[in-house]
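Listed here are the chains, written in short residue letters.
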Amino acid sequence: MTTATKTESAPLVELDDVSKYYGNIRALEGVSLEVRSGEISCVLGDNGAGKSTLIKIVAGLHQHDTGTFRIEGEEVTLANPRDALDRGIATVYQDLAVVPLMPVWRNFFLGSEPTKGSGPLKRLDVGLMRTTTREALLRMGIDLRDVDQPIGTLSGGERQCVAIARAVHFGAKVLVLDEPTAALGVKQSGVVLKYVAAARDQGLGVVLITHNPHHAYLVGDRFVLLKRGVMAGSHTKGSVTLDELTRQMAGGTELEDLRHELERPSGT
């Protein structure tokens, strides 16, 4: 096999036995993750499991201490989030970096606004931004009533969908989603998961961070479970059932031990 063939078949993003420490505090230890084109890799864990640290390493906010981080087969240490973006990794955080009072099209291009004219006549190309935003959203199957409405008037699910469409439009190869359904109801969660799947179907590699095994199993191809900074499991869709994924996520044997502790003594 040639080097070129190896590179072509390499995962878009691969973490191999990665660890991160803050002083003598272990945030992550020995964690591995594989993200391939056209697949969704789900990272599951409760609060404090290490999900946020993993996001920050992939997004270029923090550097790993040990292990290997590869992008398309090339070993890297990302310097900052711009470095990650330049390599095709876009991260959508749970709190969404939007300006609520600005229209949807303005938020869509925030920081990357096209202009027209030159010198003192140089100005934002508002018409192009409106048209491009509307078309980019429609390509993802998102039909907003009006791209001129303030983005703060959209539902939480709609704002997540705009952020996903924005990442796809600006050429992301890998999309990292931080708990996109955490604060949403059942219907809105379903809408967001639909557009997560749409990004996958356009060939992106998706990292879905979640604490909900039901949402993960609906769309996921690979599953990594974190617990207190270490891997508690790693599965592909065909090798684990939803019940087993949920059991591992819920604590498995620890939950069973707790059930025995909480049972009423016989005869009471």
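Refer to the structure above for everything that follows.
Please read these numbers as outputs of a predicted model, since none were measured by experiment.

A.B. asks: Tell me about the sheet that holds strand β12 (residues 230-236), and please be specific about residues and values.
C.D. replies: Taken in spatial order, the 6 strands line up as β6-β9-β10-β3-β11-β12 in an open sheet, and their pairing is mixed. Where the open sheet ends on each side, the last strands, each with one partner, are β6 (89-92) and β12. Each strand axis lies, on average, 15 degrees off the axis of its neighbour in the sheet, ignoring direction. Direction of pairing for strand β3 (residues 40-44) relative to strand β10 (residues 205-210): parallel, over a ladder of 5 bridges. Of the residues in β10, the one forming a bridge with L44 is T210.

A.B. asks: Before we move on, could you go through the environment of Y93 and cite the residues and values that matter?
C.D. replies: With respect to the secondary-structure elements, Y93 resides in the loop between β6 and α4 (104-108). Measuring from C-alpha to C-alpha, the distance between Y93 and D178 comes to 4.9 Å, with 85 residues separating the pair along the chain. Those residues in contact with Y93, other than ones at most four positions away along the chain, are I55, A59, L61, Q160 and D178.

A.B. asks: With reference to specific residues and values, describe the layout of surface pockets.
C.D. replies: Roughly 800 Å³ of internal volume is contained in the largest pocket. Along the wall of the largest pocket there are 29 residues; nearest its centre are L85, A90, T91, V92 and R166. Elements supplying a minimum of two residues to the lining of the largest pocket: α3 (81-86), β6, α4 and α6 (156-169). When residues in the lining of the largest pocket are grouped by element, the largest group, 5 residues, is from α6.

A.B. asks: Talk me through the packing of helix α5 (residues 126-139) against α6; I want residue IDs and the actual numbers.
C.D. replies: For the pair α5 and α6, interaxial distance at closest approach is 9 Å and the crossing angle is 100 degrees. The angle between α5 and α6 falls in the class roughly perpendicular. Side by side, α5 and α6 meet where T132, A136, L137 and R139 of the first sit next to V162, A165 and H169 of the second. A breakdown of the residues in the contact of α5 with α6 according to their chemical character gives 4 nonpolar, 2 polar and 1 charged.

A.B. asks: So, the pairing of strand β2 (residues 25-35): which residues are in play, and what are the values?
C.D. replies: Pairing geometry for strand β1 (residues 13-22) and β2, over 7 bridges, is antiparallel. What sits directly across from E14, in β2, is E34. Counting the residues between successive antiparallel strands, the hairpin from β1 to β2 contains 2 residues, one of them, G23, with a positive phi of roughly 65 degrees.

A.B. asks: Give me the lowdown on the sheet that holds β2, citing residues and values where you can.
C.D. replies: Pairing within the open sheet is antiparallel, and its 4 strands lie in the order β2-β1-β4-β5. In the strand order of this sheet, the two ends are held by β2 and β5 (74-75), each with one partner.

A.B. asks: Describe α5, naming the residues involved and giving the relevant values.
C.D. replies: Given a rise of 1.5 Å per residue, 14 residues ought to cover 20 Å, and the 20 Å separating the end C-alpha atoms of α5 matches this to within 8%. Among all positions of α5, only M129, T132, T133, A136 and L137 are buried. One side of α5 holds all its buried residues, which, seen down the axis, span an arc of 125 degrees. Here the buried face of α5 lies against α4, β8 (123-124) and α6. Looking one or two residues past α5, G141 carries a phi angle of roughly 85 degrees, positive in sign.

How each quantity is defined
Every chain's residues receive numbers from 1 upward, in the order its sequence appears when written. Note on the predicted model: pLDDT of at least 70 is required for a residue's local features to be given, and 80 or more for side-chain atom pairs to be given and counted; whole-chain, interface and lining totals, by contrast, use all residues. In computing side-chain properties, one takes all heavy atoms of the structure into account and sets aside hydrogens as well as water. The rule for pairing is simple: two strands pair if DSSP sees at least two bridges between them. Only DSSP runs of H or I covering at least 4 residues are called helices, and only runs of E covering at least 2 are called strands; the numbering of each starts at the N terminus. All axes here are fitted lines through C-alpha atoms, helices being fitted over the stretch that makes contact, and every angle between N-to-C directions spans 0 to 180 degrees. Throughout, a contact is declared for two residues whenever any of their heavy atoms are within 4.5 Å. Put simply, the grid is 1 Å and covers the protein atoms alone, a cavity is a trapped set of points that fit a 1.4 Å probe, a pocket is an open set with protein on both sides within 12 Å along at least five of seven lines, and lining residues have an atom within 4 Å of a point. Grid points are joined across faces, edges and corners, and a volume is the space filled by probe spheres set on the points. Just so you know how the angles are binned, under 35 degrees is roughly parallel, over 145 roughly antiparallel, 65 to 115 roughly perpendicular, and the rest oblique. Amino acids outside the nonpolar list (Ala, Val, Leu, Ile, Met, Phe, Trp, Tyr, Cys, Pro) and the charged list (Asp, Glu, Lys, Arg) are all regarded as polar, and Gly is one of them. One less than the number of residues in a helix, times 1.5 Å, gives the span that helix is expected to have. Each residue is placed in one exposure class: buried if its accessible area under a 1.4 Å probe, protein chains only, is under 20% of its type's maximum, exposed if it is over 50%, and partly exposed if it falls in between. Directions drawn from the helix axis to the C-beta atoms are what define this arc.

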